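# Observations on the model geometry
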Amino acid sequence: TQLLEQSPQFLSIQEGENLTVYCNSSSVFSSLQWYRQEPGEGPVLLVTVVTGGEVKKLKRLTFQFGDARKDSSLHITAAQTGDTGLYLCAFPDFNKFYFGSGTKLNVKP
Amino acid sequence: DAGITQSPRYKITETGRQVTLMCHQTWSHSYMFWYRQDLGHGLRLIYYSAAADITDKGEVPDGYVVSRSKTENFPLTLESATRSQTSVYFCASKSTGNNQPQHFGDGTRLSIL
C-alpha cells in the first residue's frame, strides 16, 4: 500500500516553463519532506514542511503543505535543465520514513 | 571527508549466493537506514537502526539481515540472494529528531542472475 501518491509520474517540459508536482495521502502527517535525486546518486533533502498551510521558497522552488496536512505541492518557476531529476516526498513516522514513488522530471534545453 | 559511503557501487551475483553491502558514515549519526529502490515503488525501507546493537524491520525485511556492532557501520546481508532482490540499494543516516534530514549514500546497484 502506497501511503503517499505522487503525480504526475513523469513530466517532460521545455526550459523556461513552470510546473507543479503533487504529493497526496489520506493520512495526516506531522511533517513532510521533499527530496531530489539525480541519476546515480542518493536523494538530497530540499525542504521540510511542518505547519498546515505553510509555504516555503527555495529560489525558484515553492513548497506548500496543505491546510489539513494531508498533501503537499512543489512548484518550479522557469524550469532549468539543472532541475532535471526525480522528486520524492517523504514523511517521517517516529524516525522511520515512507517515500512516495516520485515524479521524474526532464527539462529539455 | 565526512559523509556516508557505500560499497561496492556495483555487484553482480548469482541466485543462492550470500552478498553483503557495506555502509559507513562519519557523522556519528544515531540512525541508519537501508532502502531498496525499484521502478514504480520509490524507496522502500528494509531495515533501520536507532543505535549500535538496536535494529528493527521496515516495510520489506524478508530475505535480508542487518547488524550494527559499531555506530558508524551498518552492513546489509542477503543470505541467499534471489532475482527479486535485484535493485538499487541506498543507505542513509540521520541524527536524532523526527524532522532531521536523512543523508544518503550514492547507492549500490545489485544484479542477481
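Residues numbered from 1 in each chain as written. Chains lettered and ligands numbered in written order. Predicted model: local features only at pLDDT ≥ 70, side-chain atom pairs only at ≥ 80, totals over all residues. Heavy atoms only, no water.

The subject of this paragraph is the overall build of chain A. Along its length, chain A carries zero helices and 11 strands. In chain A, the succession of α and β elements from N to C terminus is β-β-β-β-β-β-β-β-β-β-β. Rg of the C-alpha trace for chain A: 13 Å, near the compact-globule value of 13 Å for 109 residues, within the 12% margin. In terms of its C-alpha atoms, chain A occupies a principal-axis envelope of roughly 40 × 30 × 20 Å. The buried share of chain A, taken over its 109 residues, is 47%. Sequence-distant contacts in chain A: of pairs separated by 6 or more residues, those separated by 24 or more amount to 52%. Counting only carbon and sulfur atoms, one obtains 50% of the accessible surface of chain A, whose full area is about 5200 Å². (Helix = DSSP H or I, 4+ residues; strand = E, 2+ residues; numbered from the N terminus. Rg over C-alpha atoms; globule rule 2.2 N^0.38 Å. Buried < 20%, exposed > 50% of the residue type's maximum accessible area, 1.4 Å probe, protein only. Contact = heavy atoms within 4.5 Å. Areas by Shrake-Rupley, 256 points an atom, 1.4 Å probe, with all protein chains shown as cover.)

As a further point, take the sheet that holds strand E1 (residues 5-7) of chain A. All names here are of chain A. Read across the open sheet, the five strands follow the order E1-E3-E8-E7-E6; overall the sheet is antiparallel. At either end of the open sheet lies a strand with only one pairing partner, and these are E1 and strand E6 (55-58). Pairs of neighbouring strands in the sheet enclose a mean axial angle of 15 degrees, with direction left out of account. (Pairing = 2+ DSSP bridges. Axes fitted to C-alpha atoms, helices over the stretch in contact; angles between N-to-C directions.)

All names here are of chain B. Applying the stated criterion to the full structure yields two disulfides over all chains. Residue Cys 23 pairs covalently with Cys 91 via a disulfide, S to S 1.8 Å. Taking the torsion about the sulfur-sulfur bond, which here is approximately -75 degrees, the covalent link between Cys 23 and Cys 91 counts as left-handed. Placement of Cys 23 in strand E3 (residues 19-25) and of Cys 91 in strand E9 (residues 87-94) is noted, with a sequence separation of 68 residues between them. By relative accessible area, which is 0% here, Cys 91 ends up buried. (Disulfide = S-S within 2.5 Å.)

A few words now on the interface of chain B and chain A. You'll often see interface size given as the accessible area lost when the parts meet. With 24 residues of chain B at the interface, the matching set in chain A holds 25 residues. In this assembly, chain B packs against chain A so that about 1800 Å² is buried in total across both faces, 50% of it on carbon and sulfur atoms. Summed over the three residues of chain B that lose the most area to chain A, namely Leu 43, Asn 98 and Asn 99 of chain B, the buried surface amounts to 28% of that side. Here chain B is connected to chain A by zero salt bridges. Where chain B meets chain A, there are seven residue pairs in polar contact (both at pLDDT 80 or more). Put simply, the parts of the chain that give the side of chain B that touches chain A at least two residues each are strand E4 (31-38), strand E5 (42-51) and E9 of chain B. (Buried area = accessible area lost by both parts, 1.4 Å probe. Salt bridge = Lys/Arg side-chain N within 4 Å of Asp/Glu carboxyl O. Polar contact = N/O pair within 3.5 Å; in protein donor to acceptor, adjacent residues only side chain to side chain.)

Once that is clear, we can look at the side chain of Gln 25 of chain B. Residues and elements named next belong to chain B. Of note, Gln 25 is situated in strand E3. A polar side-chain atom of Gln 25 sits 3.1 Å from the main-chain amide nitrogen of Trp 27. Dropping the residues within four chain positions of it, Gln 25 is found in contact with Gly 3, Ile 4, Met 32, Arg 68, Thr 71, Glu 72 and Ser 93.

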